[in-house]
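The primary structure of each chain is shown beneath.
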Amino acid sequence: MSVPVSQMYTVASYVLQQKLRRRKRYPFVLMLEPLFRCNLACAGCGKIQYPAQILKKHLTVEQCLAAVAECGAPIVSIPGGEPLMYPDIDKLVAELVKLKKYIYLCTNAILLKEKLHLFTPSKYLTFSVHMDGLREEHDEAVCRDGVFDEAVEGIKAALQRGFRVTTNTTLFDGASPLRMREFFDEMMDLGVEGMMLSPGYSYSKAPDQEHFLHETRTNQLFSEMLSKPKRRWKFNQSPLFLRFLMGKKDFECTPWGNPTFNMFGWQRPCYLLQEGYAASFQELMDGTKWENYGKKSGNEKCRDCMVHCGYEATAVDHTFSSLKGFAETVSVTLSGKL
Ligand code: SF4
Ligand code: SF4
């Protein structure tokens, strides 16, 4: 794992506090979507299909900060759309840094180089760059040639100026484990702090419906890709989540772990499904029928879902729920063997 010690400490003490308070459900990462518009139109995207009048709108910084305060999660992930197209992204990030929130600004990095001057390097700010594989695979996934090279330029510029940079990769059926291993090498050569992986979710709105992974294929792909992992590969996520993707652990989803806030309110029940919106975080937590979600519920929409926003929180909670979970995490982290 490649998360800095101060971030690990913040997350660990937050989770332990929740446990001491016997809080049954608590948020881990706030998914804050200030806007939905993007400068790309990827085939697997489930976020950019809104009508033009919605795509033109965005949240105010005040609305974003109110959501951050309501939720209380130690990590704020800013996906989109493309957050670098949000006109107040610099103000929002500066305010979140003041609040000592660990920010993952998820970007396709097309605008990264030209917008870097808006930000100051900080341990609290990480640019999480969307990279779906090597040049050929990435450009195909984002449906535009040249984007991989632009993203690499953005990553190099950010690293040169001392920013934390990670990559986030969504995998679809047909991904080659060997090419992905080459991709891990290339990203480590670039000097990124760590990589995040997740299978894609079969958004009903996404134009490409054929290539979403199902559970068995997910296990097969991740097992082949991550078998005998090189020590130089660093992953910016829970090793237990990676073991789950490889089929070595059986977890249930924690949909409240990554609550989502956007211009419609608090999205029910998770980042992926839109089954209504709550007016407040408390209403989301108290008024959502959580038993209707996750694999055990039998909900068709959850059947094949193994996405990080549902299961990473489960993996982290598992680490701190028992000595066994903690020992397993430490052992995998130290040995580097998944
Ligand atoms: S870069 Fe992200 S938000 Fe933009 S179209 Fe692609 S997947 Fe969607
Ligand atoms: S299993 Fe996936 S789709 Fe279902 S609630 Fe969890 S994260 Fe959402």
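Residues numbered from 1 in each chain as written. Chains lettered and ligands numbered in written order. Predicted model: local features only at pLDDT ≥ 70, side-chain atom pairs only at ≥ 80, totals over all residues. Heavy atoms only, no water.

Break down the overall build of the chain for me, citing the residues and quoting the values.
A count of helical and extended segments in the chain gives 13 helices and 9 strands. For 338 residues, the compact-globule estimate of 2.2 N^0.38 gives 20 Å, and the C-alpha radius of gyration of the chain, at 19 Å, lies within 12% of that figure. For the chain, the C-alpha atoms occupy an extent of roughly 50 × 45 × 40 Å along the three principal directions. Of all 338 residues assigned to the chain, the portion counted as buried reaches 57%. Sequence-distant contacts in the chain: of pairs separated by 6 or more residues, those separated by 24 or more amount to 74%. When the accessible surface of the chain is summed, it comes to about 14900 Å², and 54% of that surface belongs to carbon and sulfur atoms. On the chain, the mean spot of the 42 positive side-chain charges and the mean spot of the 38 negative ones are 7 Å from each other. (Helix = DSSP H or I, 4+ residues; strand = E, 2+ residues; numbered from the N terminus. Rg over C-alpha atoms; globule rule 2.2 N^0.38 Å. Buried < 20%, exposed > 50% of the residue type's maximum accessible area, 1.4 Å probe, protein only. Contact = heavy atoms within 4.5 Å. Areas by Shrake-Rupley, 256 points an atom, 1.4 Å probe, with all protein chains shown as cover. Lys, Arg positive; Asp, Glu negative; His and termini not counted. Charge placed at Lys NZ, Arg CZ, Asp CG, Glu CD.)

Any details on the pattern of salt bridges? Residues and values, ideally.
The tally for this structure, following the rule as stated, stands at 19 salt bridges. Close ionic contact of D149 with R135 constitutes a salt bridge, the shortest N to O distance being 2.9 Å. Here D149 is found in helix 7 (residues 147-160), whereas its partner R135 is found in helix 6 (residues 135-141), with 14 residues between them in sequence. In this structure, the salt-bridge partner of D304 is R303, at a minimum N-O distance of 3.3 Å. A single salt-bridge network, built from bridges that share partners, covers D185, D189, K230 and R232. (Salt bridge = Lys/Arg side-chain N within 4 Å of Asp/Glu carboxyl O.)

An account of the pairing of strand 5 (residues 164-171) is requested, with residue identities and associated values reported.
With respect to burial, strand 5 is a largely interior element, 7 of its 8 residues being buried. Two strands pair when backbone bridges link them, and strand 4 (residues 125-130) and strand 5 are joined in this way by 5 bridges, in the parallel orientation. Bridge pairing in strand 5 places H130 opposite N168. Of the strand pairs in this sheet, strand 5 and strand 6 (residues 194-199) are connected by 6 bridges, and their pairing is parallel. What sits directly across from T166, in strand 6, is G194. A crossover links strand 5 with its parallel partner strand 6, the connecting element being helix 8 (residues 177-190), and its sense is right-handed. (Pairing = 2+ DSSP bridges. Right-handed = clockwise from strand over helix to strand, strands pointing away.)

Any details on the site of ligand 2? Residues and values, ideally.
Lining the immediate environment of ligand 2, one finds Y201, C253, P255, C270, L272, L273, Y293, K301, C302, C305 and G310. The class makeup of the residues in the shell around ligand 2 is 9 nonpolar, 1 polar and 1 charged. (Near = heavy atom within 4 Å. Nonpolar A, V, L, I, M, F, W, Y, C, P; charged D, E, K, R; others polar.)

How would you sum up the sheet that holds strand 6? Please name residues and give values.
Spatial strand order, 6-5-4-3-2-1-7-8-9: 9 strands in an open sheet with mixed pairing. This sheet does not close on itself; its edge strands, each paired only once, are strand 6 and strand 9 (274-278). For this sheet, the mean angle separating the axes of adjacent strands, direction not counted, is 30 degrees. This element, helix 1 (residues 5-20), spans strand 2 (75-78), strand 3 (102-107) and strand 5 of the sheet and lies at about 110 degrees to strand 3. (Axes fitted to C-alpha atoms, helices over the stretch in contact; angles between N-to-C directions.)

Any details on the environment of E224? Residues and values, ideally.
Tracing the sequence through the fold places E224 in helix 9 (residues 215-226). Remark: the alpha-carbon pair of E224 and M246, spanning 22 residues in sequence, is separated by 8.4 Å. Setting aside chain neighbours within four positions, we find E224 in contact with P177 and R181.

Which residues make up the nonpolar core, and what values go with them?
Core analysis: the biggest nonpolar cluster contains 103 residues, and F184 and L226 have the highest contact counts within it. Setting aside chain neighbours within four positions, we find F184 in contact with M195, L197, M225, L226, W233 and F235. Counting residues in hydrophobic clusters, the runner-up holds 7 residues, among them L40, C42, C45 and V142. (Core = buried A, V, L, I, M, F, W, Y, C linked by side-chain atoms within 4.5 Å.)

If you had to explain the site of ligand 1 to someone new, which residues and values would you point to?
Taken together, C38, L40, A41, C42, C45, I48, G81, N108 and H130 make up the full set of residues adjacent to ligand 1. Counted by class, the shell around ligand 1 contains 6 nonpolar, 3 polar and no charged residues.

Can you lay out unusual backbone geometry for me, pointing to particular residues and giving the numbers?
Going from R268 to P269, the amide bond is cis rather than trans, its omega being -15 degrees. With respect to the helices and strands, the residue P269 is situated in strand 8 (residues 265-269). Here the phi dihedral of C143 falls at roughly 60 degrees; this positive angle occurs in a residue that is not glycine. Considering the arrangement of structural elements, one finds C143 in the loop between helix 6 and helix 7. In this structure, K228 is a non-glycine residue whose phi angle is positive, near 40 degrees.

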